[in-house]
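So the chains spell out like this:
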Amino acid sequence: DARVTQTPRDKVTEMGQEVTMRCQPILGHNTVFWYRQTMKQGLELLAYFRNRAPLDDSGMPKDRFSAEMPDATLATLKIQPSEPRDSAVYFCASGTGDLLNTGELFFGEGSRLTVL
Amino acid sequence: AQSVTQPDIHITVSEGASLELRCNYSYGATPYLFWYVQSPGQGLQLLLKYFSGDTLVQGIKGFEAEFKRSQSSFNLRKPSVHWSDAAEYFCAVLGGYQKVTFGTGTKLQVIP
């Protein structure tokens, strides 16, 4: 059963701590998106990758957020230092290389982050 | 820049009633449009998509959506809502560099 796997599912941390969220895309998918969901802003695109190369990370606060794909099976989103306003659910989604043909993104179940 | 607007944050309908969720998009070229559904505590699941051709597209769970270029709209409809349809619904547009942008979502409540 192919699915996107995100860890951790839940994370509670204190302000100033480093947080790393991980995503394992579906095998064979080479497009990976990171979204942040809050009640106020809805689903915000933070960054996305194709073939491990970042295509757009303009949605990320650059001073504290970073996103990487160390290899094709792992995407990471790091926050350092974390702040209470970073509290949200972070979703990873993956798709095949040509979204113009398939159009479908497959979402993980999300990582719920609470920064105290 | 591409964007999606879902003007209704929250909608309540009675079970068995019809449903229409509104979506307006902004994109300079031919849009590729989607509707996703999110159940509580879950990720998003694709309901349907429009790429080209027939402007009325059918999706899973009895949903359909109609693309209207003149109105820049892609509204989601269902003739008869079931209690299990209670969820949050997101409209999205695929634009330049294969960037997928979502609207802020519409939360659907179904009452008996």
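Residues numbered from 1 in each chain as written. Chains lettered and ligands numbered in written order. Predicted model: local features only at pLDDT ≥ 70, side-chain atom pairs only at ≥ 80, totals over all residues. Heavy atoms only, no water.

A look at the overall build of chain B
Thought 1: Counting its regular elements, chain B contains zero helices and 12 strands.
Thought 2: Counting helices and strands in the order they occur from the N terminus, chain B gives β-β-β-β-β-β-β-β-β-β-β-β.
Thought 3: Taking 13 Å as the expected radius of gyration for a compact globule of 112 residues, we find that chain B reaches 13 Å, a close match to that expectation.
Thought 4: Summarising its shape, the C-alpha atoms of chain B cover approximately 40 × 30 × 20 Å along the three principal directions.
Thought 5: In chain B, which comprises 112 residues, the proportion classed as buried is 48%.
Thought 6: Long-range pairs, those at least 24 residues apart, make up 53% of the contacts in chain B between residues at least 6 apart in sequence. (Helix = DSSP H or I, 4+ residues; strand = E, 2+ residues; numbered from the N terminus. Rg over C-alpha atoms; globule rule 2.2 N^0.38 Å. Buried < 20%, exposed > 50% of the residue type's maximum accessible area, 1.4 Å probe, protein only. Contact = heavy atoms within 4.5 Å.)

Quick notes on the pattern of salt bridges
Should their charged atoms come close, side chains of opposite charge can pair.
Thought 1: Counted by the stated rule, this structure contains 11 salt bridges over all chains.
Thought 2: Residues Asp56(A) and Lys99(B) are paired through a salt bridge, measuring 3.2 Å at the closest nitrogen-oxygen approach. On the criterion of chain membership, the pair formed by Asp56(A) in strand β6 (residues 53–56) and Lys99(B) in the loop between β10 (87–94) and β11 (100–102) is interchain, its members lying in two chains.
Thought 3: For Lys99(B), a relative accessible area of 22% puts it in the partly exposed group.
Thought 4: When the shortest N-O distance is used, the salt bridge between Asp86(A) and Arg64(A) registers 2.6 Å. (Salt bridge = Lys/Arg side-chain N within 4 Å of Asp/Glu carboxyl O.)

Overview of the confidence of the model for chain A
Thought 1: Residues with a pLDDT of 70 or more make up 93% of chain A, whose mean pLDDT is 91.
Thought 2: Here helix α1 (residues 99–102) of chain A stands out as the element of chain A with the lowest mean pLDDT, 62, in contrast to strand β3 (residues 19–24) of chain A, whose mean of 98 is the highest. (pLDDT = per-residue confidence, 0-100.)

Quick notes on the interface of chain A and chain B
Thought 1: If you look at the interface, chain A gives 27 residues, while chain B gives 23 residues.
Thought 2: At the boundary of chain A with chain B, total buried surface from both sides reaches about 1,900 Å², with 54% on carbon and sulfur atoms.
Thought 3: Viewed at the interface, chain B and chain A are joined by one salt bridge.
Thought 4: Where chain A packs against chain B, one counts four residue pairs in polar contact (both at pLDDT 80 or more).
Thought 5: Of all the elements in the fold, those that place two or more residues in the side of chain A that touches chain B are β4 (31–38), β5 (42–50), β6 and α1 of chain A. (Buried area = accessible area lost by both parts, 1.4 Å probe. Polar contact = N/O pair within 3.5 Å; in protein donor to acceptor, adjacent residues only side chain to side chain.)

Examining the pairing of β3(A)
Residue and element names in this part refer to chain A.
Thought 1: Alternating residues of β3 divide into Val-19, Met-21 and Cys-23, all buried, and Thr-20, Arg-22 and Gln-24, none buried.
Thought 2: Sheet analysis places strand β1 (residues 5–7) next to β3, joined by three bridges and oriented antiparallel. Each residue of the ladder has a partner; that of Thr-7, found in β3, is Arg-22. (Pairing = 2+ DSSP bridges.)

Focus on the layout of surface pockets
Thought 1: One number sums up the size of the largest pocket: a volume of about 650 Å³.
Thought 2: In terms of lining, the largest pocket is formed by 30 residues, of which the most central are Gln37(A), Met39(A), Gln38(B), Glu88(B) and Lys107(B).
Thought 3: Contributing elements (two or more residues each) for the lining of the largest pocket: β4, β9 (88–95) and β11 (111–115) of chain A together with β10 and β12 (106–111) of chain B.
Thought 4: Along the lines of polarity and charge, the residues of the lining of the largest pocket split into 10 nonpolar, 13 polar and seven charged.
Thought 5: Here the second largest pocket is characterised by a volume of approximately 380 Å³.
Thought 6: Looking at the second largest pocket, it is lined by 22 residues, and the ones nearest its centre are Phe107(A), Gly108(A), Glu109(A), Gly43(B) and Leu44(B).
Thought 7: Counting residues per element, the ones that place at least two in the lining of the second largest pocket are β1 and β10 (106–107) of chain A together with β5 (32–38) and β6 (44–50) of chain B.
Thought 8: Among the elements that take part in the lining of the second largest pocket, β6(B) stands out by supplying three residues, more than any other.
Thought 9: Grouping the amino acids of the lining of the second largest pocket by side-chain chemistry returns nine nonpolar, eight polar and five charged. (1 Å grid on protein atoms, 1.4 Å probe; cavity = no way out; pocket = protein on both sides within 12 Å on 5 of 7 lines; lining within 4 Å. Points joined across faces, edges and corners; volume = space filled by probe spheres on them. Nonpolar A, V, L, I, M, F, W, Y, C, P; charged D, E, K, R; others polar.)

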